[in-house]
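Inside the fold
Given next are the chains, with one letter for each unit.
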Amino acid sequence: MNNHSIKLFDYNTWANKTLLNHLMQLPSELCHENIKSVFPSIFDTLMHIYIVDYGWHSLLIRKYASDDYETIRSTIVRLT
């Protein structure tokens, strides 16, 4: 990995920790409440973040090829 990739990884780690630390300060029932946003709830937003991070990690460790769309699709369905 090059230095830029490491900086992006570090930023992603920081952003996720910052988000989770903020969410831990909120009442837990807010997680499933409907919100006016791209995703219908905080929970759905977190699921999206998890699935995308899982996908990138899987590609980086070569769990599957980037053009293996069927495996990627089935993994997303399974995780969702």
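This text gives an overview of the structure that appears in the document.

**A word on the pattern of salt bridges**
- All chains considered together, the criterion is met by one salt bridge.
- Here Arg73 makes a salt bridge to Glu70, at a shortest N to O gap of 2.8 Å. With Arg73 and Glu70 both in helix H3 (residues 69-79) and three residues apart, the pair spans about one turn of that helix.
- Residue class for Arg73 comes out partly exposed when judged on its relative accessible area of 46%.
- With relative accessibility at 48%, the residue Glu70 sits in the partly exposed group.

**What to know about the packing of helix H1 (residues 3-23) against helix H2 (residues 42-60)**
- For the pair H1 and H2, the least separation of the axes is 13 Å and the interaxial angle reads 160 degrees. Between H1 and H2, the angle is such that the two are roughly antiparallel. Of the two elements, H1 crosses H2, and the hand of that crossing is left-handed. Judged by residue contacts, Asn12, Asn16, Leu19, Leu20 and Leu23 of H1 engage Ile42, Leu46, Ile49 and Asp53 from H2.
- Of the residues assigned to the contact of H1 with H2, the class counts are six nonpolar, two polar and one charged.

Procedures and definitions
Residues numbered from 1 in each chain as written. Predicted model: local features only at pLDDT ≥ 70, side-chain atom pairs only at ≥ 80, totals over all residues. Heavy atoms only, no water. Salt bridge = Lys/Arg side-chain N within 4 Å of Asp/Glu carboxyl O. Helix = DSSP H or I, 4+ residues; strand = E, 2+ residues; numbered from the N terminus. Buried < 20%, exposed > 50% of the residue type's maximum accessible area, 1.4 Å probe, protein only. Axes fitted to C-alpha atoms, helices over the stretch in contact; angles between N-to-C directions. Parallel < 35°, antiparallel > 145°, perpendicular 65-115°, else oblique. Left-handed = near helix turned anticlockwise from the far one by under 90°. Contact = heavy atoms within 4.5 Å. Nonpolar A, V, L, I, M, F, W, Y, C, P; charged D, E, K, R; others polar.

Any functional reading would require information that these geometric values do not contain.
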